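So the chains spell out like this:
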Amino acid sequence: MINVLVNGAAGRMGREVLKTIWNADDTELMAAVDPQAAGEDAGVLMGIGSIGMEVKSDLTSALESARPDVMVDFTTPGTVYGNTMIALERRVRPVVGTTGFNPEEIQRIKDTSTKFRTGCIVAPNFAIGALLMMRFAAEACKYFPNVEIIELHHDQKLDAPSGTAVKTAELITGMRGEFKQGSPLEVEKIPGARGGEFEGGIRIHSVRLPGFVAHQEVLFGGLGQTLSIRHDSISRESFMPGVLLAVRRVMGLEEAVYGLENIIFER
Ligand code: NAP
């Protein structure tokens, strides 16, 4: 059995993760942490009634008393880096879905994970379809170097652009390098109209509207043709097989892996 603590348990993703960990045959829910729901019963958050597990507000003390093998984190961009470090320092393996890390934070997590020989998986997107969308986009940019990314999410998302858009741009930049697209004479009459410019010159556009879950379209333009690669997560269940896979695979790691594609496709 893999003993799991869920951090951010009362959030939209956290509730789904609670159910997934609770229902899987090889995982045991050891603790649920979320200051927003402190004192509530974790079973109530899952919609199954009381299971006799009180949601805790403090991650450090919950890790020290529950002593889980794995911490799954779906919290907020402002807290996730600290949460991940707190877990690693206690030799608890983080599986992190929260987005909003900067590259320096990712590097420090990798260094800490290696130092403590404690596995860690940070995945901006746990949906297999999204991983394939990123992979296909990286392949397509070899032939279509002119590309823009449009990501669309629910209007309560805290960070922009999405971690998936950043990861996609990183993959494309790694494949095509610096590339100047569009006209050098272009004028942006409304600041931001052309989206944010990622290193390497890729434009990312972030849409935030109620009704969306998590969606991304990578648009390529060539001579007399366009190519669109689109992925839609229409419910948060789409992320759960990937979360469960990461919980299982992190047990065998002694370093940090950034991007579930490195677990699914390369090994
Ligand atoms: P959410 O509904 O706002 O849930 C986050 C929860 O974490 C809230 O209940 C929040 O409480 C709580 N929280 C904040 N700080 C905390 C801390 N220090 N310790 C414990 N709990 C804390 O957000 P969501 O929609 O579930 O998304 C969570 C994150 O996952 C976002 O970054 C999102 O982009 C990301 N995400 C990733 C994937 C993926 O596949 N990797 C998929 C979907 C979403 P308060 O409301 O009181 O702050």
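Everything below is about the structure shown above.
Criteria and thresholds
Residues numbered from 1 in each chain as written. Predicted model: local features only at pLDDT ≥ 70, side-chain atom pairs only at ≥ 80, totals over all residues. Heavy atoms only, no water. Near = heavy atom within 4 Å. Polar contact = N/O pair within 3.5 Å; in protein donor to acceptor, adjacent residues only side chain to side chain. Axes fitted to C-alpha atoms, helices over the stretch in contact; angles between N-to-C directions. Helix = DSSP H or I, 4+ residues; strand = E, 2+ residues; numbered from the N terminus. Parallel < 35°, antiparallel > 145°, perpendicular 65-115°, else oblique. Contact = heavy atoms within 4.5 Å. Nonpolar A, V, L, I, M, F, W, Y, C, P; charged D, E, K, R; others polar. Pairing = 2+ DSSP bridges. Expected span 1.5 Å × (residues − 1). Buried < 20%, exposed > 50% of the residue type's maximum accessible area, 1.4 Å probe, protein only.

Q: Residue-level account of the site of the ligand, with values.
A: In the neighbourhood of the ligand, 23 residues make up the surrounding shell, with Met13, Asp34, Thr99, Phe126 and Lys157 lying closest. The contact in question runs from a nitrogen atom of the ligand to an N or O atom on the backbone of Pro124, over 3.1 Å.

Q: Describe the packing of helix H4 (residues 80-89) against helix H5 (residues 103-116), with residues and values.
A: Between H4 and H5, the shortest axis-to-axis distance is 10 Å and the interhelical angle comes to 5°. Our classification of the angle between H4 and H5 gives roughly parallel. From H4, Tyr81, Thr84, Met85, Leu88 and Glu89 reach across to H5, where they touch Glu105, Arg108, Ile109, Thr112, Ser113 and Phe116. Tallied by class, residues from the contact of H4 with H5 come to five nonpolar, three polar and three charged.

Q: Go over unusual backbone geometry with me, naming the residues and quoting the values.
A: Here the bond from Ala160 into Pro161 is cis, since omega is 0°, no more than 30 degrees from zero. Residue position: Pro161 is located in the loop between strand E6 (146-153) and helix H7 (163-176). Despite not being glycine, Arg117 shows a phi value in the positive range, around 50°. Locating Arg117 in the fold gives a position in the loop between H5 and strand E5 (120-122).

Q: Explain the sheet that holds E5 to me, and be specific about the residues and the numbers.
A: What the six strands build is an open sheet, ordered E2-E1-E3-E4-E5-E11; its pairing is parallel. Both edges of this open sheet fall to strand E2 (27-33) and strand E11 (256-258), since each of them pairs with a single strand only. Here the average twist between neighbouring strands, direction ignored, is 20°. With six bridges connecting them, strand E1 (residues 2-7) and E2 associate as parallel partners. Bridge pairing links Ile2 to Thr27 in E2. The strands touched by helix H1 (residues 12-23) are E1, E2 and strand E3 (70-73); relative to E2, the strand with the most contacts, the crossing angle is about 150°.

Q: Can you break down helix H6 (residues 128-140) residue by residue, with the values?
A: With 13 residues, H6 extends 18 Å from end C-alpha to end C-alpha; this agrees with the ideal 18 Å at 1.5 Å per step. Ala130, Leu131, Met133, Met134, Ala137, Ala138 and Ala140 are the residues of H6 that are buried.

Q: Residues and numbers for the sheet that holds strand E8 (residues 202-208), please.
A: Paired through backbone hydrogen bonds, the strands of a sheet run either parallel or antiparallel to each other. Judged by pairing direction, the sheet is mixed, and its five strands sit side by side in the order E7-E8-E6-E9-E10 without closing on themselves. A strand with exactly one partner marks an edge of an open sheet, and here the two such strands are strand E7 (196-198) and strand E10 (225-233). Pairs of neighbouring strands in the sheet enclose a mean axial angle of 20°, with direction left out of account. Summarising the sheet, strand E9 (residues 214-222) and E10 pair through nine bridges and their orientation is antiparallel. Each residue of the ladder has a partner; that of Gly221, found in E10, is Thr226. Where H6 meets the sheet, its contacts fall on E9 and E10, and the angle it forms with E10 comes to roughly 160°.

Q: Now, about the pairing of E9: what can you tell me, with residues and values included?
A: In terms of strand pairing, E6 meets E9 through eight bridges, oriented antiparallel. Each bridged residue has a counterpart across the sheet, and for Leu152 the counterpart in E9 is His215. In this antiparallel pair of consecutive strands, E9 and E10, the connection spans two residues, and Gly224 shows a positive phi of 65°.

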